[in-house]
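# Structural features, examined
One letter stands for each residue in the lines below.
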Amino acid sequence: FSLLCHPDFIVPPKQFILSQCMALAVQQVLSKHITDAGKEDVVSIKWPNDIYVGDKKICGTLIECDLMGKSISNCIIGTGINVNQMVFVSDAPNPVSLKQIIGVDTDCDAMIREVVDLFCEYYGLARDGKGDEVVDKYMEHLYRKTGFHRYSDVRGEFMAEIAGIEPTGHLLLRFDNGNVVRYEFKEVSFILNR
């Protein structure tokens, strides 16, 4: 589904808050469905805004913003959630659907309403100057938020821990020697556990 909003209260360098709002909404809705089905799978947000159940991807989001002066006039958020799919034919290495986890079909329209309602709550916090609450909750549900894990960049594979995420959306990774490196989207890859 796609959602159109007009976040003219957000300056372009801080537009990552929109991604965080949607990621949190999806993460919470999927967590609820999984918990309600009696499952204990952990649902987390893989930077920047993919949703993972364990080490498997259940959702991805793309965001496109139009700028007007020093603010964002329009933002389209396109989110794809694997809900009732049982077979995956893409080359994605780790897909999973909600049905594969809980064993039953889910009403997609009802799920979209749940996600949009929660997105509006988080969006409202950002609009009302309470974006720190959104950021804190995002960090609380971040995939690999603690400990050293395997990543790769143009130099090869390495071990690092998440040191933070900037308001611009840049990921900060800390190496075991204490050095912190700043990454833009697509500059670093998570090496998944198999």
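Here, every reference points to the structure presented above.
Note that the structure is a prediction, hence the values are computed from the model and not measured.

## What to know about the packing of helix α1 (residues 16–36) against helix α3 (residues 108–127)
Packing of α1 against α3 leaves a shortest axis separation of 8 Å and a crossing angle of 140°. Taken together, the axes of α1 and α3 are oblique relative to one another. As for how α1 packs across α3, the hand of that crossing is right-handed. Contact residues: α1 offers Ile17, Leu18, Cys21, Met22, Leu24, Ala25, Val26, Gln28, Val29, Leu30, Lys32 and His33, while α3 offers Met111, Glu114, Val115, Leu118, Phe119, Tyr122, Tyr123 and Ala126. For the contact of α1 with α3, the per-class residue count stands at 16 nonpolar, two polar and two charged.

## Quick notes on the sheet that holds strand β3 (residues 50–53)
Pairing within the open sheet is antiparallel, and its five strands lie in the order β1-β5-β4-β3-β2. Both outer strands of the open sheet, β1 (2–5) and β2 (43–46), are each paired with one neighbouring strand and no more. Averaged over all pairs of adjacent strands, the angle between strand axes in this sheet comes to 20°, irrespective of strand direction. With three bridges joining them, β3 and strand β4 (residues 56–68) adopt antiparallel strand pairing.

## Some details on the packing of α1 against helix α4 (residues 131–140)
Contact pair α1 / α4: the axes reach a minimum separation of 10 Å and the direction vectors enclose 55°. What the angle tells us is that α1 and α4 run oblique. Here α1 runs over α4; the crossing is left-handed. Mapping the contact onto sequence places Phe16, Ile17, Gln20, Cys21, Ala23, Leu24 and Gln28 in α1 and Gly131, Val134, Val135, Lys137 and Tyr138 in α4. When its residues are assigned to classes, the contact of α1 with α4 shows eight nonpolar, three polar and one charged.

## A closer look at the environment of cysteine 5
If you trace the backbone, cysteine 5 turns up in strand β1. Owing to a relative accessible area of 6%, cysteine 5 belongs among the buried residues under this scheme. Separated by 71 residues in sequence, cysteine 5 and isoleucine 76 have C-alpha atoms that sit 6.6 Å apart. Ignoring any residue separated from it by four or fewer positions in sequence, one finds cysteine 5 in contact with Leu18, Ser73, Asn74, Cys75, Ile77, Phe119 and Tyr123.

## Some details on the pairing of strand β6 (residues 149–153)
Two elements, β6 and strand β7 (residues 156–165), share five bridges in a ladder whose sense is antiparallel. By the bridge assignment for β7, histidine 149 is matched with alanine 160. Linkage of β6 to β7, two consecutive antiparallel strands, is achieved through a turn of two residues. As paired strands, β6 and strand β10 (residues 189–190) are joined by two bridges and run antiparallel to one another. Residue pairing for β10: serine 152 is matched across the bridge by serine 189.

## Thoughts on the pattern of salt bridges
One pass over the full model with this rule turns up nine salt bridges. Taking the shortest distance from any N to any O, the salt bridge between aspartate 36 and lysine 32 comes out at 3.0 Å. Remark: lysine 32 and aspartate 36 occur in helix α1; sequence separation between them is four residues, near one turn of the helix. With relative accessibility at 44%, the residue lysine 32 sits in the partly exposed group.

## Details of the pairing of β7
In this structure, β7 lies alongside strand β8 (residues 171–175), joined through five bridges in antiparallel fashion. By the bridge assignment for β8, alanine 160 is matched with phenylalanine 175. Hairpin remark: β7 followed by β8, antiparallel, with five residues in the connecting loop; positive phi at glycine 169, about 100°.

## Quick word on the sheet that holds β8
Reading across the sheet, the five strands line up as β9-β8-β7-β6-β10 and stay open at both edges, with antiparallel pairing between neighbours. Each having just a single partner strand, β9 (180–183) and β10 make up the two edges of the open sheet. For β8 and β9, the ladder comprises four bridges, and the chain directions are antiparallel. Each bridged residue has a counterpart across the sheet, and for leucine 171 the counterpart in β9 is tyrosine 183.

Reading guide: rules and limits
- Residues numbered from 1 in each chain as written.
- Predicted model: local features only at pLDDT ≥ 70, side-chain atom pairs only at ≥ 80, totals over all residues.
- Heavy atoms only, no water.
- Axes fitted to C-alpha atoms, helices over the stretch in contact; angles between N-to-C directions.
- Helix = DSSP H or I, 4+ residues; strand = E, 2+ residues; numbered from the N terminus.
- Parallel < 35°, antiparallel > 145°, perpendicular 65-115°, else oblique.
- Left-handed = near helix turned anticlockwise from the far one by under 90°.
- Contact = heavy atoms within 4.5 Å.
- Nonpolar A, V, L, I, M, F, W, Y, C, P; charged D, E, K, R; others polar.
- Pairing = 2+ DSSP bridges.
- Buried < 20%, exposed > 50% of the residue type's maximum accessible area, 1.4 Å probe, protein only.
- Salt bridge = Lys/Arg side-chain N within 4 Å of Asp/Glu carboxyl O.

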